[in-house]
Amino acid sequence: MRKLNLVLLILLLLMVVFVIYFQWGSNLHTRATVDYQPADAQPDLIRSMQRNAAAGALPQQFAELPADIAGCTLVTIDVVLTNAGMIDAEWLDISVSPAAGDIAVYQLSGEGATIRARSSGQVSLQLLTTRPAERRSVRLNYYVYGIEKTITVGL
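Residues numbered from 1 in each chain as written. Predicted model: local features only at pLDDT ≥ 70, side-chain atom pairs only at ≥ 80, totals over all residues. Heavy atoms only, no water.

**A short note on the overall build of the protein**
- In terms of helices and strands, the protein carries two helices and eight strands.
- Reading the protein from its N terminus to its C terminus gives the helix and strand order α-β-α-β-β-β-β-β-β-β.
- Since a compact globule built from 155 residues should have a radius of gyration of about 15 Å, the 21 Å found for the protein marks it as more spread out than a globular shape.
- With the principal axes as the frame, the protein shows a C-alpha extent of 80 × 30 × 25 Å.
- In the protein, which comprises 155 residues, the share counted as buried stands at 35%.
- In the protein, the proportion of contacts linking residues at least 24 apart, taken out of those at least 6 apart, comes to 74%.
- Here the protein displays about 9200 Å² of accessible surface, and carbon together with sulfur accounts for 57% of that area.
- Averaging the coordinates of the 12 positive side-chain charges in the protein and doing the same for the 13 negative ones gives two points 15 Å apart. (Helix = DSSP H or I, 4+ residues; strand = E, 2+ residues; numbered from the N terminus. Rg over C-alpha atoms; globule rule 2.2 N^0.38 Å. Buried < 20%, exposed > 50% of the residue type's maximum accessible area, 1.4 Å probe, protein only. Contact = heavy atoms within 4.5 Å. Areas by Shrake-Rupley, 256 points an atom, 1.4 Å probe, with all protein chains shown as cover. Lys, Arg positive; Asp, Glu negative; His and termini not counted. Charge placed at Lys NZ, Arg CZ, Asp CG, Glu CD.)

What follows is the structure, given as structure tokens:
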């Protein structure tokens, strides 16, 4: 009976270690950088944004695009994701929680990507806003073995 108890205890300890490792190893670590540029310095980009808005092809739109973009700022947000674990993080889904003055997300890259185990990846988005100094956040959803995980990156 003692041997059976010892074997069961070792098995329980191994399961606890595996659960702790899974929880720790399945979390992505983030580092965000933000760049601000006056929107009127990039007229081609703004025309493209207006065409995409008319076609309903913007990833996210929070307000109508203004006719005059003077005073608007194009915010480029890059988030580097590092996967230190042994398990792939799959199917990234990115969304912005808008701040006051945010108009639209123009461009989004990294959507649907997989961050392989022990590697890193990057997601980027461009946001048109009238208030660049406002606090906003980017929400990243991903899956590890079918379990949904969420990261909120405050900017």
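**Brief notes about the sheet that holds strand β7 (residues 137-144)**
- Spatially, β4-β7-β8 is the arrangement adopted by the three strands of the open sheet, whose pairing is antiparallel. If you trace the sheet from one side to the other, it starts and ends with β4 (90-97) and β8 (147-154), each paired once. The sheet shows a mean angle of 20° between the axes of neighbouring strands, direction not considered.
- In this structure, β7 lies alongside β8, joined through eight bridges in antiparallel fashion. (Pairing = 2+ DSSP bridges. Axes fitted to C-alpha atoms, helices over the stretch in contact; angles between N-to-C directions.)

**Notes on the nonpolar core**
- Counting 23 residues, the largest nonpolar core has L28, L81, L125, V138 and L140 as the members making the most contacts within it.
- Ignoring sequence-local partners within four residues, the contact set of V138 consists of I77, I94, S95, V96, L125, I151, T152, V153 and L155.
- Counting residues in each nonpolar core, the second largest holds 13 residues, with I46, L65, I69 and L128 among its members. (Core = buried A, V, L, I, M, F, W, Y, C linked by side-chain atoms within 4.5 Å.)

**Here's the deal with the sheet that holds strand β5 (residues 102-109)**
- Pairing in this open sheet of five strands is antiparallel, and the strands run β1-β3-β6-β5-β2 from one edge to the other. Where the open sheet ends on each side, the last strands, each with one partner, are β1 (28-38) and β2 (60-61).
- Each of β2, β3 (73-83), β5 and β6 (119-129) touches helix α2 (residues 43-55); the most contacted strand, β5, lies at about 95° to it.

**Notes on the environment of V7**
- Following the sequence through the fold, V7 ends up in helix α1 (residues 2-25).
- The class of V7 is exposed, set by a relative accessible area of 53%.
- Separated by 112 residues in the primary sequence, V7 and S119 have C-alpha atoms spaced 36 Å apart.

**Things to note about the pattern of salt bridges**
- A full pass over the atoms with the stated rule returns three salt bridges.
- Here D44 ties to R47 by a salt bridge, and the two come within 2.3 Å at their closest N and O atoms. Note that D44 and R47 are positioned in helix α2 at a spacing of three residues, about one turn of the helix.
- For R47, a relative accessible area of 43% puts it in the partly exposed group.
- Residue D88 is joined to R116 by a salt bridge in which the shortest nitrogen-to-oxygen separation is 2.8 Å. (Salt bridge = Lys/Arg side-chain N within 4 Å of Asp/Glu carboxyl O.)

Purely geometric stuff here, so don't read any function into it on its own.
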